[in-house]
Structure formats: structure tokens, C-alpha cells
Amino acid sequence: MVDTEPQVAGGKVLWHFTMSLDGFVAGPNHAMDWMTGFSFRPQLAAEYVATTGAVLGGRDGWDTINGSRPYGGAWEGPIFVLTHHPEDVTPADGVTFLNCDVAEAVRIGLAAAGGKNLEVFSPTIGRQLLELGLIDEIDLHIAPILLGAGIRLYDNPSGVPIRLHRVGEGDPTSVVNVRYRPTTTASPSAPGASAG
Ligand SMILES: NC(=O)c1ccc[n+]([C@@H]2O[C@H](COP(=O)([O-])OP(=O)(O)OC[C@H]3O[C@@H](n4cnc5c(N)ncnc54)[C@H](OP(=O)(O)O)[C@@H]3O)[C@@H](O)[C@H]2O)c1
């Protein structure tokens, strides 16, 4: 299968995740321990460290990561966290807690990104932005694992289907074919690095 082209900085709003084959970006209770044992393409994290200008996330994700920064700390830009209750957050260096509408949060994030991309690290916020037409790209690394439960990339039971065009060369409506077989072991050579 032809891989996506490396990401480029372009002032885009990216909805960016490592996702399980069955569409989850976190396990039950925001579990992230499943994100090990996969091999990502070489320099993938460096690609996003270089092209990301700011990150926008939600309060639940922020509370889950317990102060750790994206890309193993290799990325140093501004982080914005949306919450309706900024009064009870613990301040953190480089993190701004916002209580505003999502479109305003995107304006703030893009201004801070300085021409690089704004990465949206939240299914909840991404869904709101999608409805407003404010997502430029959905950028996924689909991991060979089935979780069966957890936080879905897109959870909108009452919504209508959202059609997408594939970014890159070729027919934008083409189906991506993948073929897997079940295994009981992770790849012994996989470093367990994560993209997000
Ligand atoms: N797989 C990957 O690559 C990857 C990468 C990043 C994150 N993740 C995971 O993604 C999950 C995020 O989960 P999530 O989407 O369910 O939660 P979330 O967006 O992180 O948090 C939801 C909370 O954000 C606040 N919020 C959302 N929209 C708001 C708005 N318009 N105005 C004000 N506040 C708003 C609310 O907080 P209040 O209740 O405080 O108002 C809401 O309860 C986490 O488990 C994280 O680990 C996965």
C-alpha cells in the first residue's frame, strides 16, 4: 500500500491520531497502554515535531496524560486545553486553559501556531470542528489492533455520514485495502514509539 506523504506545515487544522483498526483512539477509561509494539514509519514523530505549531485538546485528555507533553517531550510549542471549568485546573508551563467556543479556540491556536499546523488531539473537539467545517485534514496512523471498546475517533450516533476525500495522488474516493491476520505476539522489533 502506498503510504501518505510526510506531513507539511501549512497552517492547517489537523485531527491527528494513532487509531486502532476498529476506530478507537483510546481504550476504556482513556487507556493508552495498547499503543505499544507497533512500528511507525521512520522519523514519523520528527515529522510532526517539525510541522506542528500548536496543539488543542480537551480537559479529559489533559487530565489523563498527567502533565506529559506530546511526542515524548520533543515538541515544545503552546498547548491549549478547552474546559468549561478553568477555575479548578492546575496551571502548567506552556498550557493555556480556554473556556470559549471551539471556533474561537481554533483561531487562538492557529495564531499561536505561526503558520505551522494546529493539531487537535480530541475526538470530542474534532467532532465539533467537523460540524463547523473547521477540520482541514484527518490524519491517522491506523494500528494493527482491535480494541472493541473505548473512545472512538468519531462518535455521533445521531449524525449523518461524513464523506471524505483521500489526500494525495490518485482517486480521492478510493477504498484503502488492508489485510491482517490475528497474532498473539507484538512484533519483536517494534520500538513502541507513538505518533501522538
Ligand atoms: N490515540 C492518539 O493518538 C491520541 C492522541 C491524543 C489524545 N488521545 C486520547 O483522546 C482522548 C480524548 O478524549 P475525549 O475527546 O473524550 O475528551 P477531551 O476532548 O479530551 O475532553 C472532553 C472535555 O473537554 C472539554 N470540552 C470539550 N469541548 C468543549 C467546548 N466546546 N468548550 C469547553 N470545554 C470543552 C470539556 O471539559 P469540562 O468537562 O472540563 O468542561 C469536556 O468534558 C483521551 O483519552 C486521550 O488520551 C489519543
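Before reading further, recall that the structure is shown in the block above.
Residues numbered from 1 in each chain as written. Predicted model: local features only at pLDDT ≥ 70, side-chain atom pairs only at ≥ 80, totals over all residues.

Engineer: Explain the overall build of the chain to me, and be specific about the residues and the numbers.
Structural biologist: From N to C terminus, the chain includes four helices and eight strands. Listing each helix as α and each strand as β along the chain from the N terminus yields β-β-α-β-α-β-β-α-β-α-β-β. Against the compact-globule benchmark of 16 Å for 196 residues, the chain has a radius of gyration of 17 Å, which places it among compact chains. Once the C-alpha set of the chain is aligned to its principal axes, its extents read approximately 50 × 35 × 35 Å. Going through the 196 residues of the chain one by one, you find that 28% of them count as buried. A separation threshold of at least 6 residues defines the contact pool for the chain, and within that pool the share at least 24 residues apart is 78%. (Helix = DSSP H or I, 4+ residues; strand = E, 2+ residues; numbered from the N terminus. Rg over C-alpha atoms; globule rule 2.2 N^0.38 Å. Buried ≥ 20, exposed ≤ 12 C-beta atoms within 10 Å, placed from the backbone. Contact = placed C-beta atoms within 7 Å.)

Engineer: Explain helix α4 (residues 123-131) to me, and be specific about the residues and the numbers.
Structural biologist: Along an α-helix, a turn takes 3.6 residues, which lines up residues three or four apart on a common side. Of the positions making up α4, those classed as buried are P123, I125, G126, R127, Q128 and L129. Of the residues one or two after α4, G133 is the one with positive phi, at around 70 degrees.

Engineer: So what about unusual backbone geometry? Which residues, and what values?
Structural biologist: Its identity as a non-glycine residue notwithstanding, Q43 has a phi of 70 degrees, on the positive side. One can find Q43 in the loop between β2 (24-26) and α1 (44-51).

Engineer: Any chance you could break down the environment of G168 for me, citing the residues and the numbers?
Structural biologist: With respect to the element layout, G168 can be found in the segment after β8 (151-152). Accessibility expressed as a C-beta count within 10 Å gives 10 for G168, which makes it exposed. Considering only alpha carbons, one finds G168 and L21, 147 residues apart in sequence, at a separation of 21 Å. Once residues within four sequence positions are removed from consideration, G168 is found in contact with T4 and E5.

Engineer: Tell me about the pairing of strand β3 (residues 52-58), residues and numbers included.
Structural biologist: The element β3 is extensively covered by neighbouring structure, given that seven of its seven residues are classed as buried. Bridge count between β3 and strand β6 (residues 117-120): four bridges; the pairing is parallel. Of the residues in β6, the one forming a bridge with A54 is L118. As judged from the four bridges shared by β3 and strand β4 (residues 79-82), these two strands associate in the parallel manner. Directly across from G57, in β4, lies its bridge partner V81. As for the winding sense of the linkage, the β-α-β connection from β3 through helix α2 (residues 59-65) to β4 is right-handed. (Pairing = 2+ DSSP bridges. Right-handed = clockwise from strand over helix to strand, strands pointing away.)

Engineer: Please set out the sheet that holds β4 residue by residue, giving values where relevant.
Structural biologist: Pairing in this open sheet of six strands is parallel, and the strands run β5-β4-β3-β6-β1-β7 from one edge to the other. With one partner strand each, in any of the chains shown, β5 (95-98) and β7 (137-143) form the two edges of the open sheet. Geometrically, the sheet is characterised by an average inter-axis angle of 25 degrees between neighbouring strands, direction not taken into account. The strands touched by helix α3 (residues 102-113) within the sheet are β1 (13-20), β3, β4, β5 and β6, with β3 carrying the most contacts at an inclination of about 155 degrees. (Axes fitted to C-alpha atoms, helices over the stretch in contact; angles between N-to-C directions.)

Engineer: So, the environment of D155: which residues are in play, and what are the values?
Structural biologist: By secondary structure assignment, the location of D155 is in the segment after β8. Separated by 110 residues in sequence, D155 and A45 have C-alpha atoms that sit 27 Å apart.

Engineer: So what about the nonpolar core? Which residues, and what values?
Structural biologist: In terms of nonpolar packing, the biggest core is built from 23 residues, with V13, L56, V106, L118, V120 and L129 touching the most fellow members. When residues of this core are traced back to their parent elements, those giving at least two are β1, β3, β4, α3, β6 and α4. Top element by residues in this core is α3. It accounts for five residues. Filtering out sequence-adjacent residues up to four positions away, V13 remains in contact with V106, L118, V120, L129, L134, I135 and D136. If you look at the next biggest cluster of nonpolar residues, it comprises ten residues, including F17, A26, F38 and A143. (Core = buried A, V, L, I, M, F, W, Y, C linked by C-beta atoms within 7 Å.)

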